[in-house]
Amino acid sequence: MKILLVGATGLLGPEICRHLISAGGQVRALIRRTADAVKRSELVGLGVELVDGDLKEPASLARACAEVQAVISTASSTLSRQAGDSIESVDEHGQLSLVDAARQAGVEHFVFVSFRENLRIQFPLTRAKRAVEQALKTSGMAYTILQPSYFMEVWLTPALGFDVANGAVRIYGDGSRPISWISYRDVARVAAAAVRERSARNMVLELGGPQPLSPREVVALFEAAGANRITIETVSETMLESQMNAATDSLQKSFAGLMLQYAAGDAVDTTTSGRLFPFPMMSVHEFVAIQLARG
Ligand SMILES: NC(=O)c1ccc[n+]([C@@H]2O[C@H](COP(=O)([O-])OP(=O)(O)OC[C@H]3O[C@@H](n4cnc5c(N)ncnc54)[C@H](OP(=O)(O)O)[C@@H]3O)[C@@H](O)[C@H]2O)c1
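Residues numbered from 1 in each chain as written. Predicted model: local features only at pLDDT ≥ 70, side-chain atom pairs only at ≥ 80, totals over all residues. Heavy atoms only, no water.

**Points about the site of the ligand**
Item 1. The local shell around the ligand holds 27 residues, among which Thr9, Leu12, Arg32, Ser80 and Lys129 are the closest.
Item 2. One of the backbone N or O atoms of Leu55 is found 2.9 Å from a nitrogen atom in the ligand.
Item 3. For the shell around the ligand, a count of residues per class yields 14 nonpolar, eight polar and five charged. (Near = heavy atom within 4 Å. Polar contact = N/O pair within 3.5 Å; in protein donor to acceptor, adjacent residues only side chain to side chain. Nonpolar A, V, L, I, M, F, W, Y, C, P; charged D, E, K, R; others polar.)

Have a look at this one:
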């Protein structure tokens, strides 16, 4: 089976490639011309066929989709962006063009990495993800839509102000509501497995780690496991709401929205995804131990 991966140079992408190739898949990755040489050669080393392209260039998507049976897309402009990239041009129109190119090329199955729904909190990235989900559902292709909760390696690290090593963490809201923190590695494993799992077709799967914990409980776990005393700075929901309403840029609005959604809590019912993909996922306890061992 030949699978096209879009997003191969991101956090999830290389991990997905490894799983696909070890399961005997042939992987093609759509890579931007600007992609880092080290990332390119790592992918080639794994056995991935590289094709140049960009979600903003529909002709490149048609070429990339030729003769593939499945597409997996993880791409997003939220963290990795270049001139001309925006939530609208990449996450919405770019992904919609990819769905269209895949449909026209006769792709059988499309796996889309989306994120969770909280109907009360809507922002540009939510609108983009839901538009792509809707297009997939009516495309005639089989689809698997993955809606993971917050990645531990992003939201429980200094990247987003959770700096345990320096004894200072920023949390969004009062930090009392549980979130099903998930490892990006487990999301990658599910995305790769989904292309072979027929019962995952035409499904929207909510993904979360094994134990929902509030941000304050995560801080307590770090301290109990030996971290130095941690000072907590909170960003109130009122502040996040006004940031979201005042932002004129769709990325700023979306980040405030993601933080507001985190503040509201995000405990995931994993009954269906756990039945289809019954492998043990990384717990926050394991993540804490790994982070502290790294120092
Ligand atoms: N972080 C979380 O907590 C979380 C939670 C739930 C869901 N998600 C979803 O998970 C996915 C994130 O995956 P990730 O962490 O691997 O993302 P990432 O590290 O930010 O990587 C994004 C990828 O998208 C590619 N990309 C961006 N703009 C592009 C364009 N115009 N054309 C082609 N490729 C483009 C990037 O390529 P370049 O290297 O060339 O820029 C990169 O390969 C997103 O869809 C996100 O919404 C994330």
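**A look at the sheet that holds strand S2 (residues 26-31)**
Item 1. Read across the open sheet, the seven strands follow the order S3-S2-S1-S4-S5-S6-S9; overall the sheet is parallel. Edge strands, defined here as strands with exactly one partner in the open sheet, are strand S3 (49-52) and strand S9 (203-207). Recorded for the sheet is a direction-independent mean angle of 20° between the axes of neighbouring strands.
Item 2. Pairing analysis gives five bridges linking strand S5 (residues 109-113) to strand S6 (residues 142-148), with the strands arranged parallel. Along S6, the bridge assignment pairs Phe110 with Tyr143.
Item 3. Running over the sheet, helix H7 (residues 184-194) touches strand S4 (70-73), S5, S6 and S9 and is turned about 170° from S6. (Pairing = 2+ DSSP bridges. Helix = DSSP H or I, 4+ residues; strand = E, 2+ residues; numbered from the N terminus. Axes fitted to C-alpha atoms, helices over the stretch in contact; angles between N-to-C directions. Contact = heavy atoms within 4.5 Å.)

**Looking at the sheet that holds strand S7 (residues 162-163)**
Item 1. Taken together, three strands build an open sheet; the order of strands is S7-S8-S10 and the sheet is mixed. Both outer strands of the open sheet, S7 and strand S10 (231-235), are each paired with one neighbouring strand and no more.
Item 2. Pairing between strand S8 (residues 168-172) and S10: five bridges, direction parallel. Looking at S10, one finds that Val169 is bridged to Ile232.

**Here's the deal with the environment of Leu20**
Item 1. By secondary structure assignment, the location of Leu20 is in helix H1 (residues 12-22).
Item 2. Leu20 gets classed as buried once you look at its relative accessible area, which sits at 3%.
Item 3. Residues Leu20 and Met259, spaced 239 residues apart in sequence, show a C-alpha to C-alpha distance of 32 Å.
Item 4. When neighbours within four sequence positions are excluded, Leu20 is seen to be in contact with Ile3, Gly25, Val27, Ile72, Ala192 and Val195. (Buried < 20%, exposed > 50% of the residue type's maximum accessible area, 1.4 Å probe, protein only.)

**Notes on the pairing of S3**
Item 1. Strand direction decides the pairing type here: S2 and S3, joined by four bridges, are parallel. From the neighbouring strand, Leu30 faces S3, where its bridge partner is Val51.
Item 2. Chirality of the crossover, the property in question, places the unit of S2, helix H2 (residues 37-46) and S3 among those that are right-handed. (Right-handed = clockwise from strand over helix to strand, strands pointing away.)

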